[in-house]
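Listed here are the chains, written in short residue letters.
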Amino acid sequence: MPSVTVDARLTSVSGFSVRAPWDGVAFSEFLKRIEPLESASHATFRSVGGYESTVSLENLLKPRVILCYGVEGQPLELEYGGPLRLLVPHLWGYKSVKWLSEIELTDRMKGGYWEDRGYSREAEIEPGYTFDMNTRKRRPIRGGGEVTEF
Ligand SMILES: Nc1nc2c(c(=O)[nH]1)N[C@H]1C(S)=C(S)[C@@H](COP(=O)(O)O)O[C@H]1N2
Ligand SMILES: [Mo]
């Protein structure tokens, strides 16, 4: 499958974020090849260990969403979700499920590990502050959505 590199910031709702060049396959390319049913509107991502989260196909079809297997040209380390993780740069980090073991297409939004503990199911990044791990500085998040400013 065609490999792409996305230079993106992964932004955690818990107040830290990191920018990196992530390597992987566009989720849209993956979806094309599996021919989903008409009724599929969401995908649930599950990990080894039981963590899970659900994202709408509308969000997953954005061109910067990838199934990620590398960073900075190297295989994705276990600590960062290797061998395979999801990367959704415009949603809070808890949607970027690490250590993928299963992807289930479904017709509805569901809870998940953090969603069941009070975090939003939509997970749209909101304005506030983030500690940028690259520069070790606290920076404001001005708009909503993907943090592209730094
Ligand atoms: N399987 C699994 N995926 C996960 C998590 C987790 O605990 N388990 N944490 C999530 C959260 S809250 C964030 S912010 C990001 C953090 O990714 P990183 O460890 O590469 O910084 O991974 C997400 N994916
Ligand atoms: Mo997070």
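See above for the structure.
Each value, and the rule that gives it
- Residues numbered from 1 in each chain as written.
- Chains lettered and ligands numbered in written order.
- Predicted model: local features only at pLDDT ≥ 70, side-chain atom pairs only at ≥ 80, totals over all residues.
- Heavy atoms only, no water.
- Helix = DSSP H or I, 4+ residues; strand = E, 2+ residues; numbered from the N terminus.
- Rg over C-alpha atoms; globule rule 2.2 N^0.38 Å.
- Buried < 20%, exposed > 50% of the residue type's maximum accessible area, 1.4 Å probe, protein only.
- Contact = heavy atoms within 4.5 Å.
- Areas by Shrake-Rupley, 256 points an atom, 1.4 Å probe, with all protein chains shown as cover.
- Lys, Arg positive; Asp, Glu negative; His and termini not counted.
- Charge placed at Lys NZ, Arg CZ, Asp CG, Glu CD.
- Salt bridge = Lys/Arg side-chain N within 4 Å of Asp/Glu carboxyl O.
- Core = buried A, V, L, I, M, F, W, Y, C linked by side-chain atoms within 4.5 Å.
- Pairing = 2+ DSSP bridges.
- Axes fitted to C-alpha atoms, helices over the stretch in contact; angles between N-to-C directions.

Novice: Let's hear about the overall build of the protein chain: which residues, and what values?
Specialist: Looking only at helices and strands, the protein chain features two helices and ten strands. From first element to last, N terminus to C terminus, the protein chain shows the α and β order β-β-α-β-β-α-β-β-β-β-β-β. At 15 Å, the protein chain has a C-alpha radius of gyration in line with the 15 Å of a compact globule built from 150 residues. Burial statistics for the protein chain: of 150 residues in total, 46% are counted as buried. Restricting to contacts in the protein chain with at least 6 residues of sequence separation, those with at least 24 account for 58%. Summed over all atoms, the accessible surface of the protein chain reaches about 8,100 Å², with 52% contributed by carbon and sulfur. Counting 19 positive and 21 negative side-chain charges, the protein chain places the centres of these two groups 6 Å from one another.

Novice: Can you tell me about the pattern of salt bridges, naming the residues and giving the values?
Specialist: Under the criterion given, the structure shown has eleven salt bridges. One salt bridge in this structure joins glutamate 104 and arginine 46, with 3.0 Å as the shortest N-O distance. You can see glutamate 104 sitting in strand S8 (residues 100–106) and its partner arginine 46 sitting in strand S3 (residues 42–47), a full 58 residues away along the chain. Sharing partners across several salt bridges, the network here consists of Arg46, Glu52, Glu102, Glu104 and Lys110.

Novice: Let's hear about the nonpolar core: which residues, and what values?
Specialist: Ranked by size, the top nonpolar core spans 22 residues in total, and within it Phe27, Phe45, Leu57, Leu60 and Leu86 carry the most contacts. Non-local contacts of phenylalanine 27, meaning those with residues more than four positions away in its chain, are made with Ala43, Phe45, Leu57, Leu60, Val65, Ile66 and Leu67. Core analysis: the next-biggest nonpolar cluster, separate from the first, contains ten residues, Leu10, Ala20, Val71 and Leu76 among them.

Novice: I'd love a proper account of the sheet that holds S3, names of residues and values included.
Specialist: As summarised here, the arrangement of the three strands in space is S4-S3-S8, forming an open sheet in which the pairing is antiparallel. On the outer flanks of this sheet lie strand S4 (52–56) and S8, each paired with one strand and no other. Averaged over all pairs of adjacent strands, the angle between their axes in this sheet comes to 20 degrees, without regard to strand direction. Two elements, S3 and S8, share six bridges in a ladder whose sense is antiparallel. Each bridged residue has a counterpart across the sheet, and for phenylalanine 45 the counterpart in S8 is isoleucine 103.

Novice: Pulling in residues and values, what's your account of helix H1 (residues 27–34)?
Specialist: Those residues of H1 that sit buried are Phe27, Glu29 and Leu31. Where H1 is buried, its residues meet strand S2 (16–26), S3, helix H2 (57–60), strand S5 (66–71) and S8.

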